[in-house]
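Residue strings, one per chain:
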Amino acid sequence: MWRRVASLSSSISSSFLAQTASRLNTWESLTTGIAQQAKGVIAPKEKTPFITFVLGGPGSGKGTQCIKIVETFGFAHLSAGDLLRREIASKSADGAMILNTIKEGKIVPSQVTVKLIQKEMELSDNHKFLIDGFPRTEENRVSFERIIGVEPNVVLFFDCPEEEMVKRVLNRNEGRVDDNLETIKKRLTVFQALSLPVINYYSERGKLYTIKAIGTEDEIFEQVRPIFAAFETVG
Ligand SMILES: Nc1ncnc2c1ncn2[C@@H]1O[C@H](COP(=O)(O)OP(=O)(O)OP(=O)(O)O)[C@@H](O)[C@H]1O
Ligand SMILES: Nc1ccn([C@@H]2O[C@H](COP(=O)(O)O)[C@@H](O)[C@H]2O)c(=O)n1
Ligand SMILES: [Mg+2]
């Protein structure tokens, strides 16, 4: 599915395409493997993956906007937090460690999170991925590049005032173990110290799209829509 190089943007330069093609080889060798393909375990991927990282503080509205992006643009939504919560629920070997880390508002070791993302990507029929809440740290970012072998095409940053994020999280009412004032304060500190440098990294590389994440959900989506529409209309 991912072998055909999709022309998603007319502004993609030839050097970008060359880079993408070479990453595709890395992608295939790392994520599928000739042996697995020969056994028919995993179908060969024919399209280049189109990867969007979705970043922002706790309660900034990442998950809410991802639902709209999926509905409108047909991406597969992989929420790192949801994948980790699923591990806890499945009582896997890492479950207890993940639960404690989430309760503390800290970051789970990158290898654990990247492996979960990798598994979902391999299982998906889609080639367009919204990776929500990842990378949260430089370690996350480097680990993804090392294990998956690709870089994001787009990085969204939902920029929301802290006061608004706290209000939203405390009103969320989904029974999350980290939706309490004590953990939110820790998550905000982690966001400032560890996640903002990642956001700055992508800003310096011209991949960052900053969304002012205040207003209604629909108003915010009107800032998001043109970003993906621009990639859709070309080619
Ligand atoms: N524009 C908005 N105005 C008011 N409330 C909103 C808005 N967008 C989302 N919310 C609500 O705020 C809460 C947090 O939103 P959401 O879960 O999408 O945030 P998130 O960035 O994914 O947070 P986390 O990082 O904690 O998973 C939810 O209850 C959601 O319904
Ligand atoms: N890359 C990540 C993403 C999340 N976590 C942990 O999960 C918590 C909840 O994440 P949400 O995206 O659903 O808010 C988060 O506070 C971290 O504890 C992580 O470790 N690494
Ligand atoms: Mg979320």
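Residues numbered from 1 in each chain as written. Chains lettered and ligands numbered in written order. Predicted model: local features only at pLDDT ≥ 70, side-chain atom pairs only at ≥ 80, totals over all residues. Heavy atoms only, no water.

Enquirer: Just to check I follow, could you spell out the overall build of the protein for this structure?
Expert: A count of helices and strands for the protein gives ten helices and seven strands. Here the protein holds 235 residues, and 48% of them are scored as buried. Within the protein, contacts between residues at least 6 apart in sequence are counted, and of these 78% link residues at least 24 apart. When the accessible area of the protein is evaluated, it comes to approximately 11700 Å², of which 52% is carbon and sulfur surface. (Helix = DSSP H or I, 4+ residues; strand = E, 2+ residues; numbered from the N terminus. Buried < 20%, exposed > 50% of the residue type's maximum accessible area, 1.4 Å probe, protein only. Contact = heavy atoms within 4.5 Å. Areas by Shrake-Rupley, 256 points an atom, 1.4 Å probe, with all protein chains shown as cover.)

Enquirer: Looking at this structure, I do not really get the packing of helix α4 (residues 80–89) against helix α5 (residues 95–103). What am I missing?
Expert: Two quantities define a packed helix pair, namely the angle between the axes and the distance from one axis to the other. Interaxial distance between α4 and α5 falls to 8 Å at its minimum, and their mutual angle equals 130°. Between α4 and α5, the angle is such that the two are oblique. Crossing angle aside, the handedness with which α4 passes α5 is left-handed. The residues of α5 that touch α4, namely those facing Leu84, Arg85, Glu87 and Ile88, are Gly95, Ile98, Leu99 and Ile102. In terms of residue class, the contact of α4 with α5 is made up of five nonpolar, one polar and two charged. (Axes fitted to C-alpha atoms, helices over the stretch in contact; angles between N-to-C directions. Parallel < 35°, antiparallel > 145°, perpendicular 65-115°, else oblique. Left-handed = near helix turned anticlockwise from the far one by under 90°. Nonpolar A, V, L, I, M, F, W, Y, C, P; charged D, E, K, R; others polar.)

Enquirer: Help me understand the UniProt feature "binding site: ATP" (unreviewed entry) in the protein, please; the structure alone is not making it clear to me.
Expert: Those residues carrying the UniProt feature "binding site: ATP" (unreviewed entry) are Gly59, Ser60, Gly61, Lys62, Gly63, Thr64, Arg172 and Gly215 in this numbering. Residue contacts for Ser60: discarding those within four places in its chain leaves Phe158, Cys160, Met165, Arg168 and Ala213. Inspection of the secondary structure puts Thr64 in helix α3 (residues 62–73). (UniProt positions renumbered as here; feature names shortened; annotations may be inferred.)

Enquirer: Could you clarify how one ought to interpret the sheet that holds strand β5 (residues 128–132) in this entry?
Expert: The pairing of strands in a sheet happens through backbone hydrogen bonds and is either parallel or antiparallel. One open sheet holds the five strands; their spatial order is β4-β5-β3-β6-β7, and the pairing between them is parallel. Two strands bound the open sheet, and with one partner strand each, they are β4 (76–79) and β7 (208–212). Between one strand and the next, the sheet's axes are offset by a mean angle of 20°, whatever the strand orientation. Summarising the sheet, strand β3 (residues 50–56) and strand β6 (residues 154–159) pair through five bridges and their orientation is parallel. The residue bridging Leu55 from the neighbouring strand is Phe157, located in β6. (Pairing = 2+ DSSP bridges.)

Enquirer: Got a minute to help me understand the UniProt feature "binding site: CMP" (unreviewed entry) in the protein in this structure?
Expert: As recorded in UniProt, the feature "binding site: CMP" (unreviewed entry) lies at Asn140. Looking at the secondary structure, you find Asn140 in helix α7 (residues 138–148). Using a relative accessible area of 3% as the deciding quantity, one classes Asn140 as buried. For Asn140, the residues in contact, after removing those within four places along its chain, are Ile107, Val108, Ser110, Val114, Phe134 and Pro135.

Enquirer: Can you walk me through the site of ligand 2 in this structure?
Expert: If you check the shell around ligand 2, you find 15 residues, and the closest are Arg85, Lys106, Val108, Arg136 and Arg187. At a separation of 3.0 Å, an oxygen atom of ligand 2 approaches a polar side-chain atom of Arg136. Compared with its free state, where it exposes 450 Å², ligand 2 has 96% of that area covered by protein. Per-class residue counts for the shell around ligand 2 are six nonpolar, three polar and six charged. (Near = heavy atom within 4 Å. Polar contact = N/O pair within 3.5 Å; in protein donor to acceptor, adjacent residues only side chain to side chain.)

Enquirer: What is the right way to read the pattern of salt bridges from this model?
Expert: Any two side chains of opposite charge can pair, given that their charged atoms come close. One pass over the structure, following the stated rule, counts 16 salt bridges. The residue Glu138 makes a salt bridge to Arg141 at a minimum N-O spacing of 2.9 Å. Pair noted here: Glu138 and Arg141 are both in helix α7, with a separation of three residues, about one helical turn. Note on Glu138: relative accessible area 31%, which makes it partly exposed. A salt bridge links Arg141 to Glu145; the shortest N-O distance between them is 3.2 Å. Taken as a pair, Arg141 and Glu145 lie in helix α7 at a separation of four residues, close to a single helical turn. Taking relative accessible area as the criterion, Glu145 reaches 24% and is therefore assigned partly exposed. (Salt bridge = Lys/Arg side-chain N within 4 Å of Asp/Glu carboxyl O.)

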